[in-house]
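Next come the chains, spelled out residue by residue.
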Amino acid sequence: MTERYDAIVVGAGHNGLVCAGLLAKAGKKVLVLEARAEVGGAAVTRPFADGFSVSAGAHLLHQLQPRVMKALGVRIPLKSERMPTIALSQSGDHVFMDEQTAVGVSDQDAQAFTEFMEWSDTFAGFLNKQLMKPPPRLGSGSFNDTIKLARLGLDLRMLGKADMRDFLQLIGQNIYDELDARFESDLLKGAIALDAVTGTHTGPRSPGSMITWLYRLCTGGHVSQPAGGLGAVSDALAERAEALGVTIRTDTPVEGIVVDNGRVVGVDTAAGRFSSWKVISNADPKTTVFGLVGARHFESTFVRRVHHLRSKGNVAKLHVALDALPEISGLRPEDFGGRLLVAASAEAVERAFNPVKYGRCSSQPVFELSFPSVSDDSFAPAGKHVMSALVQFAPYDLAGGWSDVARADFHDAALRVLEETLPRLRDLVLHSELLTPVDLEAEFGMSGGHWHHGELGLDQFMFVRPVAGAAQYRMPLEGLYLCGAGTHPGGGVTGAPGYNAAQVILERERSR
Ligand SMILES: Cc1cc2nc3c(=O)[nH]c(=O)nc-3n(C[C@H](O)[C@H](O)[C@H](O)COP(=O)(O)OP(=O)(O)OC[C@H]3O[C@@H](n4cnc5c(N)ncnc54)[C@H](O)[C@@H]3O)c2cc1C
């Protein structure tokens, strides 16, 4: 006799938890099965050295959708809110930024920055309206899809004629040319270029880096640090889901999604079979299709599309336990509570990206740094500190493979390059850990160690995310759904895919 549920969610990443919570709130009996010992997927806080812990995947919160949190009634206590961004210079002439202003640049650049952010916000605003809606199916002929498409067209039209034209033109463009045309400060250009490409396989000169910049803006903007790190967000979502009646089982990897007579009927685990007519996968699309269901259950064109899904990560994560905060000329100790960027120029970001196209690591990587221990003493012993860094770029498929030597080389290169801006950093290191995309894949179960579970490019965006035929969270197999970062609108700790997936499932039930 197997246990039967209204829905089974595979994976307790933050999106799986959101989806499960919303289904339970609607009265469904929901089971969440998570492979790892903790909930949260890549939004997790864990120890990495004696007495030190870190947000081991995602480390800053800037995209979590208020609507998701409101729907679930979850509030996340923050240790730092609206953290400033500081683009570090080796000479000490840093640039300080928030969402509207840049300080430390010429008056002309300061004004151009404010104008650029307003201009970007116009288009991000249009995209923001699409975040919490499943994309309509193209050419389905259904009344619902036609209405949704008309609404999308109306949102676009509301931009006004000039902005609408600009938007359609710029979505395929690169951010590099736009920055070059607007600004003189290399540091300012480097900071925006880095934000535009973080987590993707694009350099600032790649077509499409404009859309990734807008995606970043449209999902949020204000950077914050939750008390207890990103794991606290996941814990709060899990706690709420359980309060709503969801059963969460950790340490329970799903070995297979069971298909019978052309439809999903449950999942198999080492602890036995769990039955449900609905299985919602928070795992990435490739893992779901090839690892859990099996390609034989899908039509060959669909299988080919999923096979070709681009999902090779380029971000490595560096965690450093420090004896003290480094000293950076021109920076006050409290400035370490901000988000620090090390990217000398847009060209430096492009040059850092170039090698990964050929399976090599950047010799001059670029970085986003946070020092969570500055505002939250739960991360390190008194007087000590933690540095958490996104290091770009490191290819998933490194030529020759990620041997221990290759990992140690990139680890050393990252610390060496950082020391050009954070002098004597290495003297302060008590312990450090580097996670390559291969390590991220192994730890978090995300194919390719990819931030978005699949590249965020125009060919994998909105109507065709993750692939045509599955862009409405529903897979072409009765009863199977996706709810993770691989679906619209994409990755980041947003909760949007989980929310949208739950809406689709509930709407489908209502219409039956
Ligand atoms: C290095 C790195 C840094 C990042 N930094 C940031 C950041 O600072 N801010 C930000 O907003 N975003 C950041 N991101 C992106 C963000 O972490 C992800 O987009 C987000 O966590 C995806 O959430 P998810 O719930 O969709 O999937 P995941 O977090 O990947 O969760 C999926 C879950 O499914 C589980 N699972 C998979 N297969 C099975 C199975 N067979 N059985 C049971 N369980 C299974 C996994 O164990 C996992 O818990 C970063 C990503 C990376 C890789």
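Residues numbered from 1 in each chain as written. Predicted model: local features only at pLDDT ≥ 70, side-chain atom pairs only at ≥ 80, totals over all residues. Heavy atoms only, no water.

Draft legend 1. View of the sheet that holds strand 13 (residues 263-269). Overall, mixed pairing links the four strands, which are arranged 1-14-13-12 in an open sheet. Looking at strand neighbours, the two that pair on one side only are strand 1 (3-4) and strand 12 (254-260), the edges of this open sheet. Here strand 1 runs beside strand 14 (residues 272-275); their pairing, made up of two bridges, is parallel. Within the sheet, the bridge partner assigned to Arg-4 lies in strand 14 and is Ser-275. (Pairing = 2+ DSSP bridges. Helix = DSSP H or I, 4+ residues; strand = E, 2+ residues; numbered from the N terminus.)

Draft legend 2. Structural view of the site of the ligand. Near the ligand there are 35 residues, and of these Glu-34, Leu-60, Trp-451, His-453 and Gly-492 occur at the shortest range. His-14 places a main-chain nitrogen or oxygen 3.2 Å from an oxygen atom of the ligand. A distance of 2.7 Å is found between an oxygen atom of the ligand and a side-chain nitrogen or oxygen belonging to Glu-34. If you list the elements that add at least two residues to the shell around the ligand, you get helix 1 (14-25) and helix 15 (437-444). Looking at side-chain class alone, the shell around the ligand contains 17 nonpolar, 15 polar and three charged residues. (Near = heavy atom within 4 Å. Polar contact = N/O pair within 3.5 Å; in protein donor to acceptor, adjacent residues only side chain to side chain. Nonpolar A, V, L, I, M, F, W, Y, C, P; charged D, E, K, R; others polar.)

Draft legend 3. Looking closely at the pairing of strand 12. Within strand 12, five of the seven residues are buried, leaving the element largely enclosed by the surrounding structure. Examined bridge by bridge, strand 12 and strand 13 share six bridges and lie antiparallel to one another. Looking at the pairing, Gly-256 lines up with Asp-268 of strand 13. (Buried < 20%, exposed > 50% of the residue type's maximum accessible area, 1.4 Å probe, protein only.)

Draft legend 4. Main features of the environment of Asn-144. As for its placement among the helices and strands, Asn-144 is situated in helix 4 (residues 143-157). Residue classification places Asn-144 among the partly exposed positions, given a relative accessible area of 44%. Each C-alpha atom, one on Asn-144 and one on Leu-159, is 23 Å from the other, the two residues being 15 residues apart in sequence.

Draft legend 5. Here's a closer look at the sheet that holds strand 3 (residues 30-33). Judged by pairing direction, the sheet is parallel, and its five strands sit side by side in the order 11-3-2-15-21 without closing on themselves. Single-partner strands in this sheet number two, and they are strand 11 (247-249) and strand 21 (480-482). The sheet shows a mean angle of 20 degrees between the axes of neighbouring strands, taken without regard to direction. Pairing analysis gives three bridges linking strand 2 (residues 7-10) to strand 15 (residues 279-281), with the strands arranged parallel. (Axes fitted to C-alpha atoms, helices over the stretch in contact; angles between N-to-C directions.)

Draft legend 6. Looking closely at the packing of aromatic side chains. In the structure shown here, the tally under the stated rule is eleven aromatic pairs. Consider the rings of Phe-353 and Phe-393, whose centres lie 5.3 Å apart with planes at 65 degrees: the pair is edge-to-face. Of the two residues, Phe-353 sits in helix 12 (residues 346-353) while Phe-393 sits in the loop between strand 19 (385-392) and helix 13 (404-421), which places them 40 residues apart along the sequence. In this structure Phe-353 comes out as buried when scored by relative accessible area, which is 4%. Taken together, a centroid distance of 6.2 Å and an interplanar angle of 65 degrees make the contact between Trp-402 and Phe-410 edge-to-face. According to the relative accessible area criterion, Phe-410 is buried, its value standing at 3%. Taken together, the aromatic side chains of Phe-116, Trp-119, Phe-123, Phe-126, Phe-167, Phe-183 and Trp-213 make up a single cluster linked through ring pairs. One Lys or Arg, Arg-4, reaches over the ring of Trp-277 and ends 4.8 Å from the middle of that ring. Across the ring face of Trp-119, the terminal group of Arg-182 is positioned such that the distance to the ring centre comes to 4.4 Å. (Phe/Tyr/Trp six-rings, centres within 6.5 Å; stacked < 30°, edge-to-face > 60°. Lys NZ or Arg CZ within 6 Å of the ring centre and 35° of its normal.)

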